[in-house]
Structures are given as C-alpha cells and as structure tokens.
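# Survey of secondary and tertiary structure
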Amino acid sequence: MADKELFSIKMRASKEESGSAKHISGAEKILSEKQVYQCVDSLIERGLHHDKGEADFLNIKLEKVNEDDVLYLDALQVTTIEVDTYKEGLLEIDKFLKEINAPSLDTIMPFIEQTYSMRGAMLLDVKKLIRLEPDLQRGIRATYMDQDRSGSKSISNFKNHYEEAIVLATKVVNCPGIIGEICISDDPNYLTGYVASKDVGYRRITKLKEAGSENGGRIFLFDSDKATPAEAIDFLQKQVVIVKNVTSLDTMERKNPMEVLAKTNERLKENNLFRTMKSISSAQGSHVILDGKEYVLMASNSYLDLTKHPYMIEKTLEAINKYGVGSGGSRLTTGNTSMHDLLEDKIAKFKDTEAAIVFNTGYVANLATISAIMREGGVVFSDELNHASIIDGCRLSKARTVVYKHNDMADLERKILENPCDFGMVVSDAVFSMDGDILNLPEFIRICQKYKLLSMVDEAHATGVIGKTGHGIVEHYELNVTPDILMGTLSKAIGGEGGYVAGSKTLIEYLRNTARGFIFSTSLSPAIMAANLAGIEIIENEPSRVQRLQENVLYFCNCLKEEGLDISSKTAIIPIIIGDEKKAMDVSQKLLENGFFISAIRYPTVAKGQARLRVALMATHTHEELKLAARLIVESMRG
Ligand code: PMP
C-alpha cells in the first residue's frame, strides 16, 4: 500500500563562520509520503530561521525506509524531579547512577565535562571507563528514529524538542549494551536535562547547570558484558525505530500554575521576605495617618514635602478644570497637550540641556531609554548598586551588560579596557537609592569622554536634594559639563508623578521615535503635568526648602552620632544597616509602635543579609522629631 511506505527525512542547517560550517539546527522524521510534503516546509523554516542564527546551508535528505526493518518501541514514561539548584540536580544524577549500578558521579563527572566540546554523544564503557566512539570529536549520533505519526493527519508541530528527546532516549536505552543515558542541553537558557534507562524511564531534572552556561552534552552508558561496541553503534546509527505513545507536553503532568505561585509566596514568608502594604489615609507628608493614628513619616521620597503644597494643588486643579483628568491617548497620537510640552521645556531649562522628554514613571524612563539606545554588539557598563529600573533596562536591551564595582572609577576603567566595543554606555545612579551616597561624577564624565562612551546618570534622588539650589548632581560638583543623558523622576522631591530624560535635541528626538515605553503607552494626565511643573517652580522660587532639607540631613546625622551611631550622608537617604531581615523588620515595627514610620528594606531591593532601615528625610521634619527618631532608632536596634 502506498500509504504504508515510509520515508526517513533529515535536515541539517549550518552557517559559514570564520571559514568553517557552524551547526545551527537539525531534525529528522520518519513519515508517510503524504506527510513528507507537509513536513518539508516546516523543516526549511526551522533550519533557516533559528535562534542560533540564519542558516546559509541547508541539507534535506529523503530515504525510503523498508517497513519490515522498523523496530516499534513503547515510549519511556516521563517523570520530573524539581530541584532548586543545579548542584541538587547533579545529586539526582548520582542517585540515578546508583540505581543502574553504574559508577558514581565523582567518576562520571569528568566524562560529562569532556562531552561539552563534542558534537555527538559519548559512548562510555562504564566497567573499563573507556570511551568507545570511533571519532572522539564527533561522538556518536543516534539516528533513524521518530515518534509514531501514523494516526495524525496533519503534522502540526515539528519543533517539539521535548518529544524528540523522549524518542531519542527511548531508542538509546533499548540499544544493545546501553544501560542508561545522561543528557544536559547546551542551550544557555534551558537548564532542564534528563537521565534515562529502561527501568527508571525518562526522568527530567529541572536544573542541571548554571543559568547562561552552554556546557551541555550527552553520554550513553555502556556495559561491555552485554554487547559489543560495534553492535551498539550499528543499532544507534542504522536501526530504524518508531516510538509509540510519546507523552506530549500537553498531556504530561503540568504543574498547577497557582500552586507554583503559592509556593513562592510561602518561601518568601519563610525567609522573612514577604511584602505587605500599609495603607495611608492622608496626604504624603512628614506626618501621615495610618489606621486612624498619626505617625512621623521618615521613609518617603517626597523629600521637599511638596505633594500638598498649596501652589501644587492650585495649579493641578486649574489644569483639571481646563483639561479634565485622563489624557486619552499616547503622546504620539492624541495624548499630547500643551501642559506636556510646557513641562518638557521646563525640565530642559532646569537641567540646562537642549531638550527633555517625559515618561510615565522613572522606571519606564530607564527601561525605555536604555533599551532604545543600546543594541546588539554594544556594552552597557553599570554600577553594581544601580536601581532595578536600570538593571531591567539593560536586560531589555540586546547589549551585553558589564557590572563594575560600586562607584569605583578605577574598576570602571579596567572593565572598559577589558570589554572593547564600538558602541557603549556607562550608567549610574547619581544618588544611590538604598545607600544615599553620591556618584563620583567628575571622574565618571572624564572616563566616558576618554573612551567615547555615552554617559547616563539617574537623578531620581538627586534632583531637589543636592546642589546648592537643588538642581542635582551637576550643580553639586559645580561642573560645567553635563552627562549625555540626565534621567530623573518627577515623583520624589518634585512631588508629582512621571519620569524624564534631559539631554541633546538629537537624543530626545531619537527617544521620541524609538523608545517603546514612550510610544506605546497612554500619556500621563495633563493635571499631573501641571503638578510637576508647579513642583519645579517651587524648587526654583523657594530655595530655602532645599536648604532646610540639607540642613536636616546634617542635624540628623549629628543626632545619630550623639547616640553612638557613626553615620554620615550628604543626601536625604540615610541607611542604617541592620543585616538580618527579621531583625530589620522587628526594629521597624518597634519604631512604628513609637509613632515613627521608617521602612525596613530587604532583599531583593538590597543584597541578602544587608537589610536596613532606609531613613529618608524631608525639608519639613522638625529638629525635635529628628532628635527623637535618632534616639528611638538606636534604642530599638539595641533592644
Ligand atoms: N531610579 C531610581 C534610582 C529610583 O530610586 C527610582 C524609584 N524608586 C526610579 C528610578 C523609578 O522612578 P519612579 O518611581 O518614578 O518610577
């Protein structure tokens, strides 16, 4: 019957790279003639457009298979072992080796390591511990196998790596002399591997290597008492095998997604890292109402205490009356109002740059800016204590990120020299959000200019706080040069909402045209723009606010010193390191009981074991409040 005729179809795709062919993708199927036609398209698609690159050589080989030669096998049963770390995963391999009476992992591991550089699999004699592959570089390739597709009309998914692995493992463990297989993927993003034997079945282990590692390989464990190497190699390379009843990913025991989430919540609770929120029922200010009780707030980013300033409220209401509330569209469509334009002009003037662009939050400003500017082949040099939004921006860009030691300009320069690139950026917080220290800007700019790298500085905690008149880090150092990209937020000292980037006209035009977080999001309300504008005007018109804040910082640090805590800061952020997460929570709770709201900051906002009180001062805290807070903090830490 024509329908019964089978064909083996094999595809190999490669790419020419520095004079030799780099393997990109491969696949094989055993199909009826009708199915072969459908399959070719998807194999070409798979070969030509692969994550590893676009192939420039594609070989498709079609062979008729004699039905009588086909060995039909039942698929191995699949189980999954969840592990938290790859080290636990390796212990699972050790357990498996015991189950199949093979030598322990200590003995096998050096052989696993040898497979990392191999193309095919290793055939290892587990008794004599010798390798049996005729070509040690190439290794052995198991071939002529597929899952049973006789019942399927359309071959819908040719790309199922998971099912392909079960087919391969089923053939391998049924091979004469082979007692088991170990497989670790070389895909840096795929950490799950498996072990397989006839008795154990196909056992997936969720982590078998470190994230990002390309160290993967495959070992066939061979017992020379049971067969000759030639018999095994012949079977692996020539025997046509069709595997029946392969568990598809859809029918295998999939995890209950909500249970997975609940498990994470439980783990966070066990480690004192679970977050809950307090609900404030008053305006943000140096005093707030929480559960009907008044507290002194010493944890807010509203450093100048502007959120309820009468001028802010007046200007916001004025804008609401004129523009209503929502903006109704993204900036590039219908959501741009004259208030948005006015604010951007104001920011540019305030920051002494040619232009500025407003984003919906500071978080989005970093995410959208870094990812729009940085591209494949480029390098971003990033301070190890940079804010999460910078880290996420780097992750979203296709550039490589190189992290340098905190505020260590010698290390930055070393890393620049070690990581040559033709397009790069250096990015840093101006005032570090959890430590309150200030970037060494003069040296930062000097290095960026020397190596022709874009300089980007995040002024979230600098604007309105440092510099004689609160203009930020450039004023603080009294420099007459500005970083290429001055990013900041309108949500902290300025007292409103939103983020911004200030810089050259070229930069701002580029961001308007390419920054996805700007283009694809409804703009902030014109009323908020008015509030932001008013906030900046107040900073300009009431310089005494900034001075009061700076004076409060000095006073509070002195109070801490008097209480025996030697802590100094030049910014509104004063970290009091406690270390242990639970202790930090307890100290914060005690302060709350004494009328002071000072948040404890824990991992992942800061490193594990670096939990702290993050005191954040306002221009409006009184000396009495600061003195009392210093005393209570020290007492709570002792008790
Ligand atoms: N950068 C830094 C350094 C920050 O601390 C923050 C806010 N915590 C942001 C950016 C994000 O700004 P926003 O809150 O406006 O999203």
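Quick note: structure is the one above.
The present account deals with the structure reproduced in this document. This structure is a prediction, so every number in the text was calculated from the model and none was measured.

Taken in spatial order, the three strands line up as E14-E15-E24 in an open sheet, and their pairing is mixed. Edge positions in the sheet fall to strand E14 (287–290) and strand E24 (596–597), since each of these pairs with one other strand and no more. Judged from the four bridges that link them, E14 and strand E15 (residues 293–297) form a sheet pairing that is antiparallel. By the bridge assignment for E15, Ile 289 is matched with Glu 294.

What follows covers the nonpolar core. By size, the foremost hydrophobic cluster in this structure holds 88 residues, and its most contacted members are Met 298, Phe 444, Phe 556 and Ile 633. Per-element accounting of this core gives the leading share, nine residues, to helix H16 (residues 526–541). Beyond its immediate chain neighbours, meaning those up to four positions away, Phe 444 contacts Tyr 404, Met 409, Leu 412, Val 426, Val 427, Ser 428, Leu 439, Ser 455, Met 456 and Val 457. Core analysis: the next-biggest nonpolar cluster, separate from the first, contains 34 residues, Ala 142, Cys 183, Ala 227 and Ala 232 among them.

So, on to the pattern of salt bridges. As enumerated under the stated definition, the model contains 36 salt bridges in all. When the shortest N-O distance is used, the salt bridge between Arg 267 and Asp 84 registers 3.7 Å. One end of the pair, Arg 267, is in helix H6 (residues 257–270); the other, Asp 84, is in the loop between strand E5 (78–81) and helix H2 (86–99), and 183 residues separate them in sequence. Salt-bridge contacts for Lys 627 lead to Glu 562; the nearest nitrogen and oxygen are separated by 3.4 Å. Linking Lys 627 in helix H19 (residues 623–638) with Glu 562 in helix H17 (residues 543–562), this pair joins segments that are 65 residues apart in sequence. A relative accessible area of 61% means that Glu 562 is categorised as exposed. Each of Lys 127, Asp 223, Asp 225 and Lys 226 takes part in salt bridges that share partners, so that together they form one network.

This brings us to a negative patch on the surface. Taken together, the side chains of Asp 51, Asp 186, Asp 187 and Glu 214 define an acidic patch exposed on the protein surface. Take Asp 186: it is sitting in the loop between strand E9 (178–184) and strand E10 (193–197).

Residues in close proximity to the ligand total 15 residues, the closest being Gly 362, Asp 458, His 461, Thr 489 and Lys 492. Between Tyr 363 and the ligand, the recorded distance is 2.8 Å, taken from a backbone N or O atom to an oxygen atom. Isolated, the ligand exposes 390 Å² of accessible area, and the fraction of that covered by the protein chains is 84%. Residue contributions to the shell around the ligand peak at three residues, all from helix H9 (residues 362–373). Residue classes in the shell around the ligand are distributed as two nonpolar, ten polar and three charged.

We now examine unusual backbone geometry. With an omega of 5 degrees, the peptide bond running from Tyr 603 to Pro 604 counts as cis. Position of Pro 604 relative to the elements: it lies in the loop between strand E25 (600–601) and strand E26 (611–616). One non-glycine residue, Asn 245, lies in positive phi territory at about 55 degrees. Structurally, Asn 245 can be placed in the loop between strand E13 (241–244) and H6. Judged by its relative accessible area of 59%, Asn 245 is exposed.

Parameters and conventions
- Residues numbered from 1 in each chain as written.
- Predicted model: local features only at pLDDT ≥ 70, side-chain atom pairs only at ≥ 80, totals over all residues.
- Heavy atoms only, no water.
- Pairing = 2+ DSSP bridges.
- Helix = DSSP H or I, 4+ residues; strand = E, 2+ residues; numbered from the N terminus.
- Core = buried A, V, L, I, M, F, W, Y, C linked by side-chain atoms within 4.5 Å.
- Buried < 20%, exposed > 50% of the residue type's maximum accessible area, 1.4 Å probe, protein only.
- Contact = heavy atoms within 4.5 Å.
- Salt bridge = Lys/Arg side-chain N within 4 Å of Asp/Glu carboxyl O.
- Patch = residues over 30% accessible without salt bridge, like charges linked within 9 Å, V, L, I, M, F, W, Y side chains within 5 Å.
- Areas by Shrake-Rupley, 256 points an atom, 1.4 Å probe, with all protein chains shown as cover.
- Lys, Arg positive; Asp, Glu negative; His and termini not counted.
- Charge placed at Lys NZ, Arg CZ, Asp CG, Glu CD.
- Near = heavy atom within 4 Å.
- Polar contact = N/O pair within 3.5 Å; in protein donor to acceptor, adjacent residues only side chain to side chain.
- Nonpolar A, V, L, I, M, F, W, Y, C, P; charged D, E, K, R; others polar.

Bear in mind that shape data such as this cannot, by itself, settle questions of function.
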